[in-house]
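Structural description and commentary
Here is how the chains run, residue by residue.
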Number of protein chains: 2
Amino acid sequence: MDRRSLIKGAGLAGVLAAGVAPAVQAQQAVRWHMASSFPKSLDTLMGSAETFSRVVKALTGGKFEVSVHAAGELMPAFGVLDAIQDNSLEIAQTAGYYFTGKDPVFAFACAVPFGLTTLQMEAWRRQGNGGKLLDEFFKKYNFHALCAGNTTTQMGGWYRKEIKSPDDLKGLKMRLGGGLFGEVMAKLGVVAQNMPGSDVYQALEKGTLDATEFVGPYDDEKLGLSKVAPYYYYPGWWEASAQFDFFINNKAFDKLPDEYKAAVRAAADVAAIEVTSKYQARNPQALKRLRAGNTQFKMFPKPVVDAGFKAAQEVYAEHCDKSPEFKKVFDDMRAFQKEQILWNRYSEFTYNQYINGAKL
Amino acid sequence: MDRRSLIKGAGLAGVLAAGVAPAVQAQQAVRWHMASSFPKSLDTLMGSAETFSRVVKALTGGKFEVSVHAAGELMPAFGVLDAIQDNSLEIAQTAGYYFTGKDPVFAFACAVPFGLTTLQMEAWRRQGNGGKLLDEFFKKYNFHALCAGNTTTQMGGWYRKEIKSPDDLKGLKMRLGGGLFGEVMAKLGVVAQNMPGSDVYQALEKGTLDATEFVGPYDDEKLGLSKVAPYYYYPGWWEASAQFDFFINNKAFDKLPDEYKAAVRAAADVAAIEVTSKYQARNPQALKRLRAGNTQFKMFPKPVVDAGFKAAQEVYAEHCDKSPEFKKVFDDMRAFQKEQILWNRYSEFTYNQYINGAKL
């Protein structure tokens, strides 16, 4: 059809239509489903999914909608990766280290023992090689990842008895999160226990469970574990920070018009910075409440952390031997981390040494 | 005009036009100017402005354009606040503490001596009361602020001679950045020198200047000062972090359709997280290069930092006495900081104590 003749014949309405034609193309209605690996009770984490959805909608005048589904609503918590891989889900909100059973490389997307802190992780993923290397690896699962936030440094979990030496870990029945940390703890003699979160309180009370790790004060406070496991250890050396991600199916993403692609990327950043700030703001308040209650805060004795460090290096060496892909990502992360630690000594760490001891 | 009759008469083109009418309203062309207080040579900082512009454009299909102008192009570096206030500029990229001459409250938007670190600042501005209190204050200047990034912890500057005790600061001719820091240094006997950045090298060489502070390794490296002022001190206790902002004229913002408002907010977050990560990734690399050269890294002796700390508390007390508005923001920031420091001891700081000393 001759475009000019259309305009000529259509009067004002036709001119309008011709003038906005490219915009119409970009403004198609799109509906995505997001499946999360997290339950609604983790409101800070889930807030990141909801913010993502709200911002995508706002940026596209309501035309691109992403419905958010907590773990179990559309599929089991850890079913999201398979759904992404077989192109039946557009986007997941999850943590890479849940999938180390498929491949240990997944751990680097979230947290590894004695790994990067929050700003270091952001820098490695966004400005170092971390993001590139991981997206390369994720390709075979048909997705790429965008940061959805970070819990910041986690606590070391709740224990019925004090951990005074590495020997106290031997035979300890502990509920553990995902990742390489389980392998490290196994080397230390810990016996990993699998159970739903809802059973933890009773198991600790009965003594069929000796310890459990979770997140940090804000999330942990809700579990009310201080009565059954009063010793709350720090720091969580296996999660110096824990980034969670949006896994975005590549096929679904490629189909989007450019404006919607930009909206997805921008909304992820809005969500990420919001939730990281929330953890940073809320953890201290929960910490104060826990300290005022029955919880006894204990620092891991150095020999315990040393034993964990030694075991972690063994785990890394084993995986590097087995998998060149693991070695590639590990070596890059480790080199980046060494530079960061050097700089940290000249900057924030040294400042904190002063201010943390100052009388404000 | 009867809308239905228009559609009826217009055929296909008319139907298209009627169908996209709301989108057309939201898709009007908008052009903003952004004036920065920073020169092009600070490529990391300027990158934040360029990213903001690029993302706003991408999110709006090219219809909302923000032209970026380095310091001096449209107006002098520090003329941006007046332009924003008299509604002749839509958006500025600047640092709050450049405007403490107008009101010392401005300093809290960027950095105050012995203030918040990067994640703490993000949390205070976004999730604590910091953002709300400051935007309330900024109203009289007709703008609100969105974070444009953070330099992370800065260095303490370049010195021709070693600073071994607080006495070495007395009479020291030093070029200083903005903010309350100048008042603190005046109490310590430092004589502030005003000069363009381009004169600093020669002044240090001649000895008409004894010292200068700037940013961190990545930005400072370009100045090439190690030959004329070889002592590079840390940590920059007056800039534990330094946030810079987009100042957004309220009138211009209110006129935007909702989608464009969302685009402005999201683009600011994209820019902020990008540039903070850049500083985090680039500073260690520049640090290594500087260490390999003539630069001598020196930690400020504790008595010097103690003297700075005491002087800073005096400056705060004086301003709190004079201004209830200052006191309101200061008290809130300080209370937030105390909570953060408590949490830091249980989390990242304690982790860093271990990992910074570990043999990786």
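This is a predicted model, so every value here is computed, not measured.

**Description of unusual backbone geometry**
Residue and element names in this part refer to chain A. Pro235 follows Tyr234 through a cis peptide bond whose omega is -10 degrees. Tracing the sequence through the fold places Pro235 in the loop between β9 (231-234) and β10 (243-249). Residue Asn87 is not a glycine yet carries a positive backbone phi of 60 degrees. Checked against the element boundaries, Asn87 lands in the loop between α4 (80-85) and β3 (91-94). Judged by its relative accessible area of 37%, Asn87 is partly exposed.

**Remarks on the side chain of Gln340(A)**
Its location among the elements puts Gln340(A) in helix α13 (residues 324-346). A polar contact of 2.7 Å, which involves the side chain of Gln340(A), links it to the backbone oxygen of Gln280(B). Those residues in contact with Gln340(A) that lie beyond four places of it in its chain are Gln120(A), Gln280(B), Ala281(B) and Pro284(B).

**Quick look at the relation of the copies chain A and chain B**
Both copies of the chain are related by one operation, a rotation about an axis with a shift along it. Least-squares fitting of chain A to chain B yields an RMSD of 0.0 Å, with the superposition described by an axial translation of 0.0 Å and a rotation of 180 degrees. Such a turn and shift between the copies fits a two-fold axis. Both copies present the same face, since 98% of the interface residues in chain A are matched by interface residues at the equivalent positions in chain B.

**Observations concerning the packing of aromatic side chains**
Residue and element names in this part refer to chain A. Counted according to the given criterion, the structure contains 75 aromatic pairs over all chains. Pairing Phe108 with Phe326 gives two aromatic rings, centres 4.9 Å apart and planes at 55 degrees, and the pair type is tilted. Placement of the pair is Phe108 in the loop between β3 and α5 (118-126) and Phe326 in helix α13, with a sequence separation of 218 residues. Residue classification places Phe108 among the buried positions, given a relative accessible area of 3%. Residue class for Phe326 comes out buried when judged on its relative accessible area of 0%. Aromatic pair Phe181 and Trp237: ring centres 6.0 Å apart, planes at 85 degrees, arrangement edge-to-face. Here Phe181 is found in helix α7 (residues 181-187), whereas its partner Trp237 is found in the loop between β9 and β10, with 56 residues between them in sequence. Looking at Trp237, the relative accessible area reads 2%, which means it is buried.

**Focus: the interface of chain A and chain B**
Interface size is commonly expressed as the accessible area that is lost once the parts come together. Contact residues are listed per partner, giving 85 residues for chain A and 84 residues for chain B. Between chain A and chain B we count 2 salt bridges in total. Where Lys288(B) meets Glu339(A), a salt bridge forms, and the shortest distance between an N and an O atom there is 3.1 Å. Grouping the constituent residues of the side of chain A that touches chain B by class yields 44 nonpolar, 24 polar and 17 charged.

**Focus: the nonpolar core**
Trp32(A), Phe52(A), Trp237(A), Trp32(B), Phe52(B) and Trp237(B) are the most contacted members of the largest nonpolar core, which has 214 residues in total. Apart from the residues within four sequence positions on either side, Phe52(B) is in contact with Met34(B), Val66(B), Ile91(B), Phe246(B), Val264(B), Ala267(B), Ala268(B) and Ala271(B).

**A short note on the environment of Lys161(B)**
Topologically, Lys161(B) is positioned in the loop between β5 (158-159) and β6 (173-175). In this structure the C-alpha to C-alpha distance between Lys161(B) and Asp332(B), which are 171 residues apart in sequence, comes to 38 Å.

**Structural notes on the UniProt feature "binding site: Na(+)" (unreviewed entry) in chain A**
Residue and element names in this part refer to chain A. Listed under "binding site: Na(+)" (unreviewed entry) in the UniProt record, and renumbered for this structure, are Phe214. When you line up the elements, Phe214 lands in the loop between β8 (211-212) and α9 (217-221). Apart from residues lying up to four places away in sequence, Phe214 is in contact with Leu42, Gln154, Asp219, Asp220, Leu223 and Glu239.

**Focus: helix α3 (residues 43-59) of chain A**
All names here are of chain A. Over its 17 residues, α3 extends 24 Å from the first C-alpha to the last, a length consistent with the 24 Å expected when each residue adds 1.5 Å. With 12 of 17 residues buried, α3 is to be regarded as a mostly interior element. Listed as buried for α3 are Thr44, Leu45, Met46, Gly47, Ser48, Ala49, Thr51, Phe52, Ser53, Val55, Val56 and Leu59. Where α3 ends, the next residue or the one after it, Gly61, has phi of about 60 degrees, a positive value.

**Some remarks on the sheet that holds β5(B)**
Read from one edge to the other, the open sheet built from 6 strands follows the order β7-β6-β8-β5-β9-β11 (chain B), with strand pairing classed as mixed. The open sheet is flanked by β7 (191-193) and β11 (296-299) of chain B, the only strands paired with a single partner.

**Observations concerning the pattern of salt bridges**
When charged atoms on two side chains of opposite charge get close, those side chains can pair. Residue and element names in this part refer to chain A. The full count for this structure, using the stated rule, is 42 salt bridges over all chains. The shortest N-O distance in the salt bridge between Arg160 and Asp210 comes to 3.9 Å. You can see Arg160 sitting in the loop between β5 (158-159) and β6 (173-175) and its partner Asp210 sitting in the loop between α8 (200-206) and β8, a full 50 residues away along the chain. Classification of Arg160 by relative accessible area gives partly exposed; the value is 30%. Judged by relative accessible area, which is 17%, Asp210 ranks as buried. A salt bridge links Glu221 to Arg289; the shortest N-O distance between them is 2.7 Å. One end of the pair, Glu221, is in helix α9; the other, Arg289, is in helix α11 (residues 258-292), and 68 residues separate them in sequence.

**Thoughts on the sheet that holds strand β1 (residues 30-36) of chain A**
All names here are of chain A. The sheet built from 5 strands is open, its strands ordered β2-β1-β3-β10-β4 with mixed pairing. Unpaired on one side and paired on the other, β2 (64-69) and β4 (143-150) mark the two borders of the sheet. Adjacent strand axes in the sheet meet at a mean angle of 25 degrees when their direction is disregarded. Here 4 bridges tie β3 to β10, and the two strands are oriented antiparallel to one another. Each bridged residue has a counterpart across the sheet, and for Thr94 the counterpart in β10 is Asp245. Lying on the sheet, α3 is in contact with β1, β2, β3, β4 and β10; it crosses β2 at an angle near 165 degrees. Set on the sheet, α11 makes contact with β1, β2, β4 and β10; between it and β4 the angle comes to about 30 degrees.

**What about the packing of helix α12 (residues 302-322) of chain B against helix α13 (residues 324-346) of chain B?**
All names here are of chain B. Where α12 contacts α13, the axes come no closer than 6 Å and their chain directions differ by 135 degrees. By the angle between their directions, the pair α12 and α13 is classed as oblique. The element α12 and its partner α13 pack so that their crossing is left-handed. Facing Gln313, Tyr316, His319, Cys320 and Lys322 of α12, the residues of α13 in contact are Pro324, Phe326, Lys327, Phe330 and Arg334. Of the residues contributing to the contact of α12 with α13, the split by class is 5 nonpolar, 2 polar and 3 charged.

**With respect to the packing of α5(A) against helix α11 (residues 258-292) of chain B**
Running from amino to carboxyl end, α5(A) crosses α11(B) at an angle of 100 degrees, the nearest separation of the two axes being 8 Å. Classified by the interaxial angle, the pair formed by α5(A) and α11(B) is roughly perpendicular. Of the residues in α11(B), those touching α5(A) at Leu119(A), Gln120(A), Glu122(A), Ala123(A) and Arg126(A) are Ile273(B), Thr276(B), Ser277(B), Gln280(B) and Ala281(B). Here the residues of the contact of α5(A) with α11(B) are counted per class, giving 4 nonpolar, 4 polar and 2 charged.

Definitions and cut-offs
Residues numbered from 1 in each chain as written. Chains lettered and ligands numbered in written order. Predicted model: local features only at pLDDT ≥ 70, side-chain atom pairs only at ≥ 80, totals over all residues. Heavy atoms only, no water. Helix = DSSP H or I, 4+ residues; strand = E, 2+ residues; numbered from the N terminus. Buried < 20%, exposed > 50% of the residue type's maximum accessible area, 1.4 Å probe, protein only. Polar contact = N/O pair within 3.5 Å; in protein donor to acceptor, adjacent residues only side chain to side chain. Contact = heavy atoms within 4.5 Å. Least-squares fit on C-alpha atoms with pLDDT ≥ 70 in both. Phe/Tyr/Trp six-rings, centres within 6.5 Å; stacked < 30°, edge-to-face > 60°. Salt bridge = Lys/Arg side-chain N within 4 Å of Asp/Glu carboxyl O. Nonpolar A, V, L, I, M, F, W, Y, C, P; charged D, E, K, R; others polar. Core = buried A, V, L, I, M, F, W, Y, C linked by side-chain atoms within 4.5 Å. UniProt positions renumbered as here; feature names shortened; annotations may be inferred. Expected span 1.5 Å × (residues − 1). Pairing = 2+ DSSP bridges. Axes fitted to C-alpha atoms, helices over the stretch in contact; angles between N-to-C directions. Parallel < 35°, antiparallel > 145°, perpendicular 65-115°, else oblique. Left-handed = near helix turned anticlockwise from the far one by under 90°.

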